[in-house]
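# Structural overview
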Amino acid sequence: MSASVLKTAANLKSPEFEKNTRRIVDLLTTIKNEEEQIRQGGGAKAIESQHKKGRLTARERIAKLIDTGSQFFELGIYAAYEMYEEWGGAPSAGTVTGLAKVCGRTFMLIANDATVKAGAFFPMTAKKVIRAQNIAIENRIPAIYLVDSAGVFLPLQEDVFPDTDDFGRVFRNNAVMSAMGIPQITAIMGMCVAGGAYLPVMCDHILMTEGSGLFLAGPALVQAAIGQKTSAEDLGGAKMHAQISGTVDFREPDDDACIARIRALVDKMGAPNASPFSHVKSRDPLFSAGDIYGLFSSDPGKQYDMREIIARVVDASEFEEYRAEYGETLLCGYARIGGWAVGIVANQKKHVQTLARGSDQKRIEFGGVIYTESAEKAARFILDCNQNRIPLVFLHDVNGFMVGKDAEWSGIIRAGAKMVNAVANSVVPKITVICGGSFGAGNYAMCGKAYDPRFMFAWPTARFAVMSGDAAASTLAEIKLKQLEREGKKVDEKQKKELVESVRATYEHQTDPRYAAARLWVDIIIDPVHTRDALIWALEAAALNPEIREFKTGVLQT
């Protein structure tokens, strides 16, 4: 084997391997069961009601639209998870979004789920649609909208209507995407009312099925506003818009005919511009992805070799490691995933014995911690990837930057600022996978959500917050205890313990990846075994955008 081929030293039969496997499988079982429940939308009665109207559900429409035998790569399924419970909940925020192949071409699909409150827009619904549009904009992905919505969920209108990431941004994005030349097709397959009526009319192609409605105000509101009585069909039915207003391009008898027409239109679309990124024939890794379950440890006190994970994700398990003997708590290197060239920046969770900076004294560097040398190495590597047009993949399991006198004297703040600058100003696509912990400034340096990754994935074992659970729980509990003491309240040891446990439980709940996915801080929680597949989807999508702006860093700390 060549020097660039990663080897494995994993003991696949060790108790630790089996323990790790059981933990991840248990987490995945819970998540998959929850996802299946979320896919039921408003439930069996609501689905039956949709069918009685002669309409398919959002997921049924998507299944018929995408290429036979292909996968729907759903994004944001956990949106609004455990939110809006006082209103009966909003599974998946009442909309379905994701990437799929239609006539062999990648599309962003956005479909209202009319089984959830008639497809009404909750605050998270708007944010989810906007996130899908932003992914389409960043990657120049054509979009298909399947509209079936009653408009804004009025009880929460103040959180849906006015702000920059609210309902109006959807239509602003329609206009921006059109100006950028990103194809958009809309099919009105149910209700499309009030402000939502602008969405289809701002797209390239508008289709509408019989029995659907498109109007700024429904019959009841029209009568209340101007005293005019009219039927929904006369006011804004498919026939009226096809024959009189001239608003729709195609009038279709039902969902099946509408979907067939969409595919016919897609089939005639011109090819996208060539990608600027290196791509060759894909090769499978040498080792089974299933091993990842046992190789990865979500226990913060345990070590594992991130190279073992990389070996099961990259093509032919080949990894050209950059400065392998320097700054070893961060792994940097070049590889291919699905044939696409990538630069990988990954936290190494093994402790490393090295020499102290500027001396011959040995020291131990803790895995998962970013030291001055590793930050400097990563910053330089990121600059190189931008110079050479190589997309970046970040694999997180980071506790944060090293602290203490030695770290401060070595210039850890300066080195960290350099790495953050390089990440922030990168012009090549960035894709982030949170495998384990992602805490504090380490989250920022490793391209957390605030640093505009094109896609943000998380494993079920992911945890991210300003600090780890135990540290935060102790700190928050101490603050609470001092507050109680100032109020003259005495707290015994039992109460102290209960307080710490209560704070820890709340904090742990908030660092759970499902809590993050509910708020769209991550796009999807992925099975670790499917990490390679998810990255291929993301890289293929990113390759659709041929534009790379000039790379500049401004003032760079040196």
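As shown above, the structure is provided for reference.
Cut-off values and rules
- Residues numbered from 1 in each chain as written.
- Predicted model: local features only at pLDDT ≥ 70, side-chain atom pairs only at ≥ 80, totals over all residues.
- Heavy atoms only, no water.
- Axes fitted to C-alpha atoms, helices over the stretch in contact; angles between N-to-C directions.
- Helix = DSSP H or I, 4+ residues; strand = E, 2+ residues; numbered from the N terminus.
- Parallel < 35°, antiparallel > 145°, perpendicular 65-115°, else oblique.
- Left-handed = near helix turned anticlockwise from the far one by under 90°.
- Contact = heavy atoms within 4.5 Å.
- Salt bridge = Lys/Arg side-chain N within 4 Å of Asp/Glu carboxyl O.
- Buried < 20%, exposed > 50% of the residue type's maximum accessible area, 1.4 Å probe, protein only.
- Phe/Tyr/Trp six-rings, centres within 6.5 Å; stacked < 30°, edge-to-face > 60°.
- Lys NZ or Arg CZ within 6 Å of the ring centre and 35° of its normal.

## Observations concerning the packing of helix α3 (residues 58-65) against helix α10 (residues 255-267)
Put simply, α3 and α10 touch, their axes get as near as 10 Å, and they point 45° apart. Put simply, α3 runs oblique to α10. In this structure, α3 meets α10 at a crossing whose hand is right-handed. Contact residues: α3 offers Arg61, Lys64 and Leu65, while α10 offers Asp255, Asp256, Ile259, Ile262 and Arg263.

## Here's the deal with the pattern of salt bridges
Throughout the structure, instances matching the rule amount to 28 salt bridges. Taking the shortest distance from any N to any O, the salt bridge between Lys101 and Glu540 comes out at 3.7 Å. With Lys101 in strand β2 (residues 95-102) and Glu540 in helix α20 (residues 531-542), this residue pair connects regions lying 439 residues apart in the sequence. Of the residues examined, Lys101 reaches a relative accessible area of 23% and is grouped as partly exposed. With relative accessibility at 29%, the residue Glu540 sits in the partly exposed group. In this structure, Arg307 engages Glu321 in a salt bridge whose closest nitrogen and oxygen atoms are separated by 2.9 Å. On the criterion of sequence distance, the pair formed by Arg307 in helix α12 (residues 306-310) and Glu321 in strand β9 (residues 320-321) is long-range, its members being 14 residues apart. Each of Glu36, Arg39, Arg59 and Glu74 takes part in a single network of salt bridges with overlapping partners.

## Thoughts on unusual backbone geometry
Unusually for a residue other than glycine, Ala80 sits at a positive phi of about 70°. The residue Ala80 is located in the loop between β1 (73-75) and β2 in this model. A positive phi angle, near 55°, is found at Ala316, a position not held by glycine. Structurally, Ala316 can be placed in the loop between α12 and β9.

## Some words on the packing of aromatic side chains
Given two aromatic rings, one states the distance between the centres and the angle between the planes to describe the pair. Per the stated rule, a full pass over the model turns up 13 aromatic pairs. Here the aromatic rings of Phe167 and Phe171 are separated by 5.0 Å at their centres, their planes lie at 75°, and the arrangement is edge-to-face. Separated by four residues within a single helix, Phe167 and Phe171 lie in helix α5 (residues 167-179), roughly one turn from each other. Assigned by exposure class, Phe167 and Phe171 land together as buried. An aromatic cluster is present here, built from Phe73, Phe455, Phe457 and Trp537 joined pairwise through their rings. Seen from the ring of Trp409, Lys405 lies directly overhead, with NZ or CZ sitting 5.1 Å from the centre.

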